[in-house]
Amino acid sequence: MTAQGRVVPAPADARAEDGRALVIRRLVKEYRPGQPVLRGIDLVVPSTGLTAIIGPSGTGKSTLIRCVNRLVQPTSGEILFRGEDLTKLSGAALRRARRRIGMVFQEYNLVERLSVMENLLCGRLGYVPVWRAWLRRFPEPDIARAFALLDAVGLPGFATRRADALSGGQRQRVGIARAIMQEPEIILADEPTSSLDPKSSVEVMEILSRLAAERGVPVVVNIHNVALARRFASRIVGMSGGHVVYDGPPEGLGEGDLRGIYGGESWLE
Ligand SMILES: Nc1ncnc2c1ncn2[C@@H]1O[C@H](COP(=O)(O)OP(=O)(O)OP(=O)(O)O)[C@@H](O)[C@H]1O
Ligand SMILES: [Mg+2]
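Since we're looking at a predicted model, the values are computed, not measured.

Q: Please clarify how the pattern of salt bridges should be interpreted in this entry.
A: Pairing between side chains of opposite charge can happen when the charged atoms of each approach one another. With the rule as written, the count across this model stands at 12 salt bridges. One salt bridge in this structure joins E183 and R145, with 3.7 Å as the shortest N-O distance. Remark: R145 occurs in helix α5 (residues 140-152) and E183 occurs in the loop between α6 (168-181) and β7 (186-190); sequence separation between them is 38 residues. Classification of R145 by relative accessible area gives partly exposed; the value is 24%. Residues R259 and E255 are paired through a salt bridge, measuring 3.9 Å at the closest nitrogen-oxygen approach. Of this pair, R259 and E255 are both found in helix α9 (residues 255-262), 4 residues apart, which corresponds to roughly one turn of the helix. What you see here is one network of salt bridges that share partners, running through R82, E84, R100 and E185.

Encoded structure:
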């Protein structure tokens, strides 16, 4: 803890890289017994770059991301995050692990009646003592960082705007800035562009890929738009029927692979 009562982020060597941010082994999720949605997923998420997960609706992309931060309880398998099996954690250990995982959602999940700045500072809640958060008294360095992040996501001057007075694209940038405030070791984004127009979608993907490149935070994005995945991802994972059926660079993703992922071909250009 610092004099201000903040928990100091893990030193760089505690985040020692073995090149893998997440190692998922034989992951199975059944919402109903005997009806697996994820049917034994094996996946390694590298500790650099942006990994895009594509696949048809209902194939388990959100379930996979939710298993990682344990919004969904996996049925079996392992999810190793910096060597620790997330599926085994509970209580305080799970809360600590969640703090290291930044989430970005399709529907933004901002607190509508709070200002942009307050939403960002809520990203630090895991680090700020409850009484300070309650009084909305946040440490100066956090406030300075929040201003810098607003600049970084293209929203300078938006600090005092209420969240409910923002466009979808602006909200999603706040959502991303809030996730970064947490100083996460990985960011998981579930359809961050689905509610956005094409230009805002590109801008949000640009911000996420820049984040991965410049801050060295691995980013995993579930996305329906294959063109955006190809353009911004360093790696693409294709899911179908609860399995990983493609795992490789965007350049390697051919029409045959897309047929394998989505089925049929009448939709292909
Ligand atoms: N809480 C739940 N309880 C029961 N079944 C669920 C639950 N959440 C998801 N499912 C089912 O699990 C399957 C996978 O859902 P999931 O949301 O992970 O798919 P997805 O690939 O993210 O789809 P989309 O592209 O439409 O977002 C679907 O058949 C869905 O109906
Ligand atoms: Mg989904």
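Q: Honestly, the site of ligand 1 in this entry has me stumped. Any pointers?
A: Lining the immediate surroundings of ligand 1 are Y31, V37, P56, S57, G58, T59, G60, K61, S62, T63, E191 and H224. A distance of 2.4 Å separates an oxygen atom of ligand 1 from a polar side-chain atom of S57. Within the side chain of T63, one N or O atom sits 2.5 Å away from an oxygen atom of ligand 1. Taken by itself ligand 1 offers 630 Å² of open surface, and the protein chains cover 58% of this. Residue contributions to the shell around ligand 1 peak at 3 residues, all from helix α1 (residues 61-68).

Definitions and cut-offs
- Residues numbered from 1 in each chain as written.
- Chains lettered and ligands numbered in written order.
- Predicted model: local features only at pLDDT ≥ 70, side-chain atom pairs only at ≥ 80, totals over all residues.
- Heavy atoms only, no water.
- Salt bridge = Lys/Arg side-chain N within 4 Å of Asp/Glu carboxyl O.
- Helix = DSSP H or I, 4+ residues; strand = E, 2+ residues; numbered from the N terminus.
- Buried < 20%, exposed > 50% of the residue type's maximum accessible area, 1.4 Å probe, protein only.
- Near = heavy atom within 4 Å.
- Polar contact = N/O pair within 3.5 Å; in protein donor to acceptor, adjacent residues only side chain to side chain.
- Areas by Shrake-Rupley, 256 points an atom, 1.4 Å probe, with all protein chains shown as cover.

In short, shape yes, function no, at least from these values alone.
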